[in-house]
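# Close look at the chain arrangement
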Amino acid sequence: MSRYRELLGVAFAGLAARKSRTLLIMLGPTLGVAAIIAAVGLTDSAKGDLKLKLRELGTDLIVAEASSSFGTDTPKMPADAVPRALSVPTVDRVAAVSELSGVVVTPYAEAASVYETVPIPVLAADSQLPSVLDVTMVTGRWLNEFDQQELARSAVIGQGLAEEIDMLPGESRSIDVGGKAYAVVGILERVELDPALNNAVFITFGSAEEDFNDEDQEPNKLYVRADPGTERDTSAILPIAITLGGSTEVAAKIPTDLLAAQSETDTTLQFIVAGMGLLALVVGAVGIANVMSISVIQRSSEIGIRRALGHSRSTVGLQFLLEALGVGILGGLLGVVVGLAAMWAGTNLADWVFVLQPWLPWAGLVGAILVSMLAGIVPALKAARLEPLETLRLG
Amino acid sequence: MSPVQGQPLLELDRVSRAYGEEVVVYALREVSLTIRAGDFMAIIGPSGSGKSTMLGLLGVLDLPSDGVIRIDGVDVGSLDDAGRSKMRGESIGFVFQQFHLIPHLSAQGNVETALLYRNLSRKERTDRARAALDRVGLGARAGHRPVQMSGGEQQRVAIARAIVTDPLLILADEPTGALDTTNAANVMEIFESLRSPERAIVMVTHDLAVADHAERRVSMLDGQIVADEIRLPA
């Protein structure tokens, strides 16, 4: 063990003794690693805002919607669509929504005509909706079992609508839904994945049946959270599970798909720039091999005397290999710092979100070390093979 | 302290060293020599007489084409590179004409280099190197690098490096060849002071003034030993 510690000391002293040479050969791995980190990091960061949003929203939400089949005005799903969806093993949570047609909401009596022309959507929703959409209440509460059973005229409105009608947090207010006064019991947070919900009024299925003759309580839309990673398979099987061969048509889509596609890094560009970085690393390695080979010749007297003092071939070879390792570690570390600095500067200049894949600095460092070690093999062998008798000029 | 009575430290038994494959040239031909503990020996001879080849073989820096070299009873030819390196490190101390100090290391660092990879603690290395430098009168300059020292001082650092491992054999190749008269005398004084019944000192030189310091003089010519004389002190 002490042998390796001493070898490290000797190698480090060798590097420290020729500072400018060491700094110059460190440039190769430094520039290579910095280029790779900046290239991968900046191409990732260019779509950083979208990636961040996608991470926040998750990709496991599926929206299943009854689609227009021939001869049906308002397409509906079977009344037991929720238990049918839940029967799919990879489905975690389900919330049902039914859009009521022909129900006009009038927040202000004076503006009735406006709201008749551009109606506010009224949705019958079940108690699971906020949990499935993964949104919270801005204020108040969501519709509960009591509202459903007692036919209490309770409504929740979307955040967009609350802002439109200047409803203050905590203010108690009622809203005219199809001529009935509904108490607004809560404001639902903005739903990024379904912006239509921001301006909607939500009431219970019970109230919808009671007040607006929506008797069969058939949903036209299901929000489904699938087990992570299964969203593709789940969205493929959901329509079949819901319709069970019936006449209804159901289409399932993943709302984050578009976002995911938009946030995809331009991999071609990334490969090209990272490839140039890799090339810089390889050129750097060739530089290390060259300079170290020359150094072996310059230091032949040192090698000869070390051999005369009892250092074996393998010890001398290892000394030079460790010098290459030192160049790799120092160059790699410096490359990581320079690469991150370039990323920081680039993202700030372009106003992007800094996205760094956690493996990237490590990969850079390991790459620099490997490449430097490979470059050090030839000089190390050369040093080990040097005959002391040839270098010491006896007699 | 008669040199003839010491234990054999290094034996050359009909050793030859030939170079070339198609045209074979013998640099050394069937040489036998025994170096004993306590020997203070000079190997002399003109250029091309085989002195350097002899030095390479005595120092285990080279292997004979034929014959056997034994150091402390061990056949050098039976050892691999690691074994020969170990033997060099433990049994032989070198002093070269051109000093061969490592330029980026201090005097102390140069001397410590001979103690590396021997499972010694850092303190032990430092202490022993310092003691060796004190012995050659350079303790105060331990932190100086070769470039900051005169030729004589550099050669004294090289001697400290050769004796720090307490070797059986000190091999000196023209130790005063690069020095002026004063420094040369100084270095020879140090060699004289290093004599001990357990150790042999062998100087390879063409300088008869240097050879005069030695008790035993081995003369070489054309790859062979032509004389092996014991000279009693005047």
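Here, every reference points to the structure presented above.
Presented here is an overview of the structure given in this document. (Residues numbered from 1 in each chain as written. Chains lettered and ligands numbered in written order. Predicted model: local features only at pLDDT ≥ 70, side-chain atom pairs only at ≥ 80, totals over all residues. Heavy atoms only, no water.)

## Notes on helix α2 (residues 81-91) of chain B
Residues of α2 of chain B that are buried include every one of D81, R84, S85, M87, R88, G89 and S91 of chain B, and no others. Of the surrounding secondary structure, the elements contacted by the buried residues of α2 of chain B are α13 (300-308) and α14 (313-350) of chain A together with β4 (66-71), β5 (74-75), β6 (92-95) and β7 (169-173) of chain B. (Buried < 20%, exposed > 50% of the residue type's maximum accessible area, 1.4 Å probe, protein only. Helix = DSSP H or I, 4+ residues; strand = E, 2+ residues; numbered from the N terminus. Contact = heavy atoms within 4.5 Å.)

## Comments concerning the sheet that holds strand β9 (residues 216-221) of chain B
Residue and element names in this part refer to chain B. The strand order across the open sheet formed by six strands is β6-β7-β8-β3-β9-β10, and the pairing between neighbours is mixed. Of all the strands in the sheet, the pair left with one neighbour each is β6 and β10 (224-230). The average undirected angle you get between the axes of adjacent strands in this sheet is 15°. Pairing between β9 and β10: six bridges, direction antiparallel. Directly across from V218, in β10, lies its bridge partner D228. (Pairing = 2+ DSSP bridges. Axes fitted to C-alpha atoms, helices over the stretch in contact; angles between N-to-C directions.)

## Description of the interface of chain B and chain A
Listed as interface residues are 29 residues of chain B and, on the opposing side, 28 residues of chain A. Around 2500 Å² of area is buried between chain B and chain A when both sides are counted, 60% of it from carbon and sulfur atoms. By the criterion of area lost to chain A, the three top residues of chain B are H100, H104 and Y117 of chain B, representing 30% of everything that side buries. The interface formed by chain B and chain A contains three salt bridges. For R125 of chain B, the salt bridge identified is with E6 of chain A, shortest N-O distance 3.0 Å. (Buried area = accessible area lost by both parts, 1.4 Å probe. Salt bridge = Lys/Arg side-chain N within 4 Å of Asp/Glu carboxyl O.)

## Let's talk about the pattern of salt bridges
Summed over the entire model, instances satisfying the criterion amount to 31 salt bridges over all chains. When the shortest N-O distance is used, the salt bridge between K123 of chain B and D127 of chain B registers 2.6 Å. In this pair, K123 of chain B and D127 of chain B are both assigned in helix α4 (residues 122-135), four residues apart and thus about one turn of the helix distant. Bridged by salt links that share partners, the residues R18, R21, R299, E302, R306 and E323 of chain A form one connected network.

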